[in-house]
Amino acid sequence: MASNGACDTMRVFLLAVGCWLNLLIKYYAMESRANHNQVSHCPNKCLSCVQWLPLFKKKKQNSIEKFQNHDIIVYVLGGPGCGKGTQCSKIVEDFGFIHLSAGELLETEVKTGSETGKMIQEFKKEGKLVPSEVVVKLLKQAMQRSGNRKFLIDGFPRNEENRLTAEKMLGIQPTIVLVFDCSEEEMIRRVMQRNQGRVDDNMDTIRKRLKVYKESTLPVIDYYAKKGKARKINAERPVEEVFRSVEAVFSELGLVKRGKTIV
Ligand SMILES: Nc1ncnc2c1ncn2[C@@H]1O[C@H](COP(=O)(O)OP(=O)(O)OP(=O)(O)O)[C@@H](O)[C@H]1O
Ligand SMILES: Nc1ccn([C@@H]2O[C@H](COP(=O)(O)O)[C@@H](O)[C@H]2O)c(=O)n1
């Protein structure tokens, strides 16, 4: 009798373990399909019972995780007026990236007339760098809104504080860093001819921006060069020639122009 009882208990126990394993397998299969965008919700009513399983999983690091692993992140650096924005527009056209310019995001905030916007305007006039938390918060909102997975982040990170704040607040590392290399004389010439009514396109502010670039941004570029992530491109050539070098870097990443093949 006693041994029969033990057998029954064992059978019930094994049955329970079997059910539990079955649920786990179904849950992970479902989650894996969701991660690959095949389903956005529980595909089958009978699986709804397994949706509470995540409660037993280690808590995810909130929305940070969205930007890790799967996304292609290209930082775009270079001195003021070297042609970052010009090349980014062409990359967007041909490779389907979303272009997030830190300078433009800051300018959009200026235009709202908010207190933060007023503070940003003062930094821009002086050619100084805005506190990193402000820039990174704007970048984070734009990345989350975009729904894209290939980001060109232009004019960022401009100093070590930018870089570390992005790592901390967004949890991101660039796949590569494009660096547009141009002489100061040519950058000054381009900025002075730009004529877009920017508050910082004047000789006095350009000199300050060039100083900030040398003192704060070049060390960030060195950091990525040491990590083997920086791709220096001679930007002192006509737009199309510069872009051919950009294309070469993108093909190294395994990306090809839209229209030729699916990227
Ligand atoms: N390869 C090039 N040759 C000549 N002019 C160029 C070239 N690339 C860009 N320009 C021109 O130089 C000016 C500055 O270019 P752009 O705005 O793209 O620079 P940027 O690096 O994004 O500047 P910033 O850092 O100040 O925002 C623009 O008027 C643009 O048309
Ligand atoms: N990471 C950044 C980027 C920009 N700024 C401020 O905006 C100005 C214009 O930037 P561009 O990228 O358009 O050259 C720049 O001089 C800074 O005042 C910033 O603070 N941090």
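Residues numbered from 1 in each chain as written. Chains lettered and ligands numbered in written order. Predicted model: local features only at pLDDT ≥ 70, side-chain atom pairs only at ≥ 80, totals over all residues. Heavy atoms only, no water.

The name that an unreviewed UniProt entry assigns to the chain is UMP-CMP kinase, with the source organism given as Spinacia oleracea. Regarding the chain, the relevant UniProt record gives this comment under Subunit (unreviewed entry): "Monomer." (UniProt positions renumbered as here; feature names shortened; annotations may be inferred.)

J.: Describe the packing of helix 6 (residues 160-169) against helix 8 (residues 203-226), and please don't skip the residues or the numbers.
T.: Where helix 6 meets helix 8, the closest approach of the two axes is 8 Å, and the angle between their N-to-C directions is 50 degrees. By the angle class used here, helix 6 and helix 8 are oblique. Of the residues in helix 8, those in contact with Glu160, Arg163 and Glu167 of helix 6 are Ser216, Pro219, Val220, Tyr223 and Tyr224. Classifying every residue of the contact of helix 6 with helix 8 gives four nonpolar, one polar and three charged. (Axes fitted to C-alpha atoms, helices over the stretch in contact; angles between N-to-C directions. Helix = DSSP H or I, 4+ residues; strand = E, 2+ residues; numbered from the N terminus. Parallel < 35°, antiparallel > 145°, perpendicular 65-115°, else oblique. Contact = heavy atoms within 4.5 Å. Nonpolar A, V, L, I, M, F, W, Y, C, P; charged D, E, K, R; others polar.)

J.: Tell me about the pairing of strand 4 (residues 176-181), and name the residues and values.
T.: Extensive coverage of strand 4 is indicated by the burial of five of its six residues. Pairing between strand 1 (residues 72-78) and strand 4: five bridges, direction parallel. Residue pairing for strand 4: Val74 is matched across the bridge by Ile176. Sheet topology places strand 4 next to strand 5 (residues 230-234); five bridges connect them, and they run parallel. The residue of strand 5 that forms the bridge with Leu178 is Arg231. (Buried < 20%, exposed > 50% of the residue type's maximum accessible area, 1.4 Å probe, protein only. Pairing = 2+ DSSP bridges.)

J.: Let's hear about the site of ligand 1: which residues, and what values?
T.: As a matter of local geometry, ligand 1 sits amid 16 residues, with Lys84, Gly85, Thr86, Arg194 and Arg237 nearest to it. One nitrogen or oxygen atom from the main chain of Gly83 is found 3.1 Å from an oxygen atom belonging to ligand 1. Compared with its free state, where it exposes 630 Å², ligand 1 has 76% of that area covered by protein. For the shell around ligand 1, the element with the highest residue contribution is helix 2 (residues 84-95), accounting for three residues. For the shell around ligand 1, the per-class residue count stands at five nonpolar, five polar and six charged. (Near = heavy atom within 4 Å. Polar contact = N/O pair within 3.5 Å; in protein donor to acceptor, adjacent residues only side chain to side chain. Areas by Shrake-Rupley, 256 points an atom, 1.4 Å probe, with all protein chains shown as cover.)

J.: Outline helix 2, supporting the account with residue identities and numerical values.
T.: Taking 1.5 Å as the rise per residue, helix 2 with twelve residues should run 16 Å; its terminal C-alpha atoms sit 16 Å apart, in good agreement. Those residues of helix 2 that fall on the buried side of the exposure criterion are Lys84, Gln87, Cys88, Lys90, Ile91, Asp94 and Phe95. Across the axial projection of helix 2, the buried residues extend over an arc of 165 degrees, all falling on one side. On its buried face, helix 2 sits against strand 1, strand 2 (98-101), strand 3 (150-154), strand 4 and helix 9 (239-252). Immediately downstream of helix 2, the backbone of Gly96 shows phi near 70 degrees, a positive value. (Expected span 1.5 Å × (residues − 1). Arc of directions from axis to C-beta.)

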